[in-house]
Amino acid sequence: GLGGVVGAAGGGVGGVGGIGGMAEDEHTEAAAAAAAAEAADTAEKFGDRRQAALSAAARSIVAAWAMHRRATYATAAAVQSDRRVAGFTYAAREPLTVLRTLGGMLSSQLKPDTPSRDMADAIVAQGDVLAELSEELESALYPQQIFDELASVMLGGGGVAGGGGGGG
C-alpha cells in the first residue's frame, strides 16, 4: 500500500538512520496519504454523480418502456374490439338479408290491400331501414379513407393507386 508509494516517493531515504530522514519520510508519507485521500474522495464523488446519473437514466428508460408497453396493450385491445364490432356488423348482414328476402317473397304471395300483405311490406320496409342503419354504422366505424391509408402503409407506401390525397 502506502509503504511502497512512500519508499518510491522518498527516493530510498528510508534506509538512512537519523532524525532528518524520519522527518522527510513523515512529510512524504503525509503528502501521499493526503493525495490518496483526495483521489479516493474525488473518485467517490465522481462515482456518486455517475451512479446518480445512471440511476436517473435507468428510471427514465423504465418509465418510457412501461408507457410503451401500456400503449401497446391499449392498441391491441382497441384492435381486438374493432375486430369484434366488425364481426358483429358483418354477422348481422346475413339474417337481415334473409328477413328482407323472405318478407319480399311472402309479400308477393299475398293479396294486395290485406292486413297480411301490409305486415309483410312493413317487415320488408323495416328490414331496409335496418340495412341502411347497419351500412351507416359500418361506414362511421370504418371509413374507406382509413382502409385506404392502412392498405397504403401495409403495402409499403407506394403500392396503392397513386397513394395521393384524392380518391377515384
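Model, not experiment: these values are computed from the prediction.

A. A look at the overall build of the protein chain. Looking only at helices and strands, the protein chain has 4 helices and 0 strands in total. Secondary structure elements in the protein chain, listed N-terminal to C-terminal, are α-α-α-α. Counting only residues that meet the buried cut, the protein chain has 10% of its 168 residues in that class.

B. Representation of the pattern of salt bridges. Using the criterion set out here, one finds 3 salt bridges in the structure. Between R93 and E138 there is a salt bridge, with the nearest N and O atoms lying 2.5 Å from each other. Note that R93 is positioned in helix α2 (residues 19-109) and E138 in helix α3 (residues 115-141), a separation of 45 residues in sequence. Since its relative accessible area comes to 23%, E138 is described here as partly exposed. Between D121 and R117 there is a salt bridge, with its nearest N and O atoms 3.8 Å apart.

C. Here's a closer look at a nonpolar patch on the surface. A cluster of nonpolar side chains, contributed by V98, L102 and M105, occupies part of the molecular surface with about 280 Å² of accessible area. With respect to the helices and strands, the residue V98 is situated in helix α2. Its relative accessible area of 40% is what places V98 among the partly exposed residues.

D. View of unusual backbone geometry. At D113, a position not held by glycine, the phi torsion is positive, near 60°. One can find D113 in the loop between α2 and α3.

Cut-offs and rules
- Residues numbered from 1 in each chain as written.
- Predicted model: local features only at pLDDT ≥ 70, side-chain atom pairs only at ≥ 80, totals over all residues.
- Heavy atoms only, no water.
- Helix = DSSP H or I, 4+ residues; strand = E, 2+ residues; numbered from the N terminus.
- Buried < 20%, exposed > 50% of the residue type's maximum accessible area, 1.4 Å probe, protein only.
- Salt bridge = Lys/Arg side-chain N within 4 Å of Asp/Glu carboxyl O.
- Patch = residues over 30% accessible without salt bridge, like charges linked within 9 Å, V, L, I, M, F, W, Y side chains within 5 Å.
- Areas by Shrake-Rupley, 256 points an atom, 1.4 Å probe, with all protein chains shown as cover.

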